[in-house]
Amino acid sequence: RLAVDITGAAISPLTGVGMYTLKQMEAFLRVAEGFDVHFFASAGRIVHEQLHSLINQGAALRTVACPVQLRIALWTRLGWPPLEWFTGTIDVALGMFHLLPATCRHVKRLMAVYDLAWLRCPEWHTDSVGGLHDKMLRHAACHADAFIAISESTKHDLCELLDVPPNRVHVVYA
């Protein structure tokens, strides 16, 4: 059983990462025969219409109205509440945008990383955006079982800038 935090695909306006997440999960569901997939999204306002393509492919979806900043603080500082409270029992949890889901101890946790531009080029980002991504990814660097990077460049940045061992980073091209 796999649970995926797809919050980025459930908010408006849909960002590049949100669209990437939505299309990546649609493609995954087309080839995921035998997987029991549960999607989770949590934000102040969820746009359910954007998620119909996932639900129509048979995936379960649980949404929770909770401000993103609060969920970030709870998951990075307290490791609570566990994702399983919303999805049921799972074996693997995947965070699709820098926030590693809180889970029970036996669950393997994966994190998808698209880029570390806020570390490479901090002058291109506001302090609040850079600080938010910094907090989430540094937490993930310490606690994730593995990372999915979308390029060799992203893998290199994870290893160099966040000291993630190369054997924990797997490049998966979409």
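Higher on the page you've got the structure.
Residues numbered from 1 in each chain as written. Predicted model: local features only at pLDDT ≥ 70, side-chain atom pairs only at ≥ 80, totals over all residues. Heavy atoms only, no water.

Participant: Summarise a nonpolar patch on the surface; cite the residues concerned and give the values.
Facilitator: Together, Leu78, Trp80 and Trp85 give the surface a local cluster of nonpolar side chains, amounting to about 390 Å² of exposed area. Within the element layout of this structure, Leu78 appears in helix 3 (residues 68–78). (Patch = residues over 30% accessible without salt bridge, like charges linked within 9 Å, V, L, I, M, F, W, Y side chains within 5 Å. Areas by Shrake-Rupley, 256 points an atom, 1.4 Å probe, with all protein chains shown as cover. Salt bridge = Lys/Arg side-chain N within 4 Å of Asp/Glu carboxyl O. Helix = DSSP H or I, 4+ residues; strand = E, 2+ residues; numbered from the N terminus.)

Participant: Can you break down the sheet that holds strand 5 (residues 108–113) residue by residue, with the values?
Facilitator: Here we have seven strands laid out as an open sheet, ordered 3-2-1-4-5-6-7, and parallel in their pairing. One side of each edge strand has no neighbouring strand; the edge strands of this open sheet are strand 3 (60–65) and strand 7 (169–171). When strand polarity is set aside, the average angle formed by the axes of neighbouring strands in this sheet is 20°. Here three bridges tie strand 6 (residues 146–149) to strand 7, and the two strands are oriented parallel to one another. For Ala149, the partnering residue across the bridge sits in strand 7 and is Val171. (Pairing = 2+ DSSP bridges. Axes fitted to C-alpha atoms, helices over the stretch in contact; angles between N-to-C directions.)

Participant: With reference to specific residues and values, describe the pattern of salt bridges.
Facilitator: Opposite charge on two side chains lets them pair, provided their charged atoms get close. Summed over all chains, the structure comprises six salt bridges. A salt bridge links Arg1 to Asp36, with the nearest nitrogen and oxygen atoms 3.5 Å apart. Here Arg1, found in the segment before strand 1 (2–5), pairs with Asp36, found in the loop between helix 1 (16–31) and strand 2 (37–43); they are 35 residues apart in sequence, far enough to count as distant. Judged by relative accessible area, which is 35%, Arg1 ranks as partly exposed. (Buried < 20%, exposed > 50% of the residue type's maximum accessible area, 1.4 Å probe, protein only.)

Participant: Describe the environment of His143, naming the residues involved and giving the relevant values.
Facilitator: By the secondary structure assignment, His143 is in helix 6 (residues 127–143). You can call His143 partly exposed: its relative accessible area is 40%. Distance in space between the C-alpha atoms of His143 and Glu123 is 28 Å, their sequence separation being 20 residues. Once residues lying within four places of it in the same chain are set aside, the contact partners of His143 are Leu100 and Arg109. (Contact = heavy atoms within 4.5 Å.)

Participant: Please provide a residue-by-residue account of unusual backbone geometry, values included.
Facilitator: Cis geometry marks the peptide bond from Ser12 to Pro13, where omega comes out at 0°. Following the sequence through the fold, Pro13 ends up in the loop between strand 1 and helix 1. For the peptide bond that leads from Trp80 to Pro81, omega is -5°, which places it in the cis range. Phi is positive for His98, close to 70°, though the residue is something other than glycine. With respect to the secondary-structure elements, His98 resides in the loop between strand 4 (92–95) and strand 5. Of the residues examined, His98 reaches a relative accessible area of 3% and is grouped as buried. Positive phi, normally seen in glycine, also occurs at Asp163, with a value near 55°. Mapping Asp163 onto the fold places it in the loop between helix 7 (152–162) and strand 7.

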